[in-house]
Amino acid sequence: MTNIKKTLKNAGIWCLVATIISVLSLISNIYLVDFVLYNIIWDIIGIILSITTGIIYLCYSKKNKEKLLKPRKIFFILTILYLIFLHSKKE
């Protein structure tokens, strides 16, 4: 059971690290590259998605076994949202 908790904790930390990268991308799209509203909106969506996922993963890494296995739909939905977000972003 500790492997699942460690995995959720690591995934939460990596999602928050991805937030920092998304913020840097947002800043570069605003100031360094031509101002394109589409790219800025996608960066903001990525930041919101990364923060939300990171917080959810870190909160669930502290739950016990029964409460951890119940919300499988949340993890599935977050995974699908990430895949849609990563696949649909075009530069």
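Novice: Describe the packing of aromatic side chains, with residues and values.
Specialist: Under the criterion given, the structure shown has 1 aromatic pair. For the ring pair Y38 and W42, a centre distance of 6.0 Å and an interplane angle of 75° mean the geometry is edge-to-face. Here the residue Y38 and the residue W42 both occupy positions in helix α2 (residues 37–60), the gap between them amounting to 4 residues, near one helical turn. On the accessibility criterion, Y38 (41% relative accessible area) is partly exposed.

Novice: So what about the state of the cysteines? Which residues, and what values?
Specialist: Throughout the structure, instances matching the rule amount to 0 disulfides. The thiol of C59 is unpaired, and the distance to the nearest cysteine sulfur, on C15, comes to 13 Å.

Novice: Tell me about a nonpolar patch on the surface, and name the residues and values.
Specialist: Judged by side-chain polarity, I20, V23, L24, I27, I30, Y31, L32, V33, F35, L37, I41 and I45 come together as a nonpolar surface patch covering roughly 1,200 Å² of accessible area. Every element with two or more residues in the nonpolar patch is listed here: α1 (2–31) and α2. Looking at the nonpolar patch element by element, the count peaks at 6 residues for α1. By the element assignment, L24 lies in helix α1.

About the thresholds
- Residues numbered from 1 in each chain as written.
- Predicted model: local features only at pLDDT ≥ 70, side-chain atom pairs only at ≥ 80, totals over all residues.
- Heavy atoms only, no water.
- Phe/Tyr/Trp six-rings, centres within 6.5 Å; stacked < 30°, edge-to-face > 60°.
- Helix = DSSP H or I, 4+ residues; strand = E, 2+ residues; numbered from the N terminus.
- Buried < 20%, exposed > 50% of the residue type's maximum accessible area, 1.4 Å probe, protein only.
- Disulfide = S-S within 2.5 Å.
- Patch = residues over 30% accessible without salt bridge, like charges linked within 9 Å, V, L, I, M, F, W, Y side chains within 5 Å.
- Areas by Shrake-Rupley, 256 points an atom, 1.4 Å probe, with all protein chains shown as cover.
- Salt bridge = Lys/Arg side-chain N within 4 Å of Asp/Glu carboxyl O.

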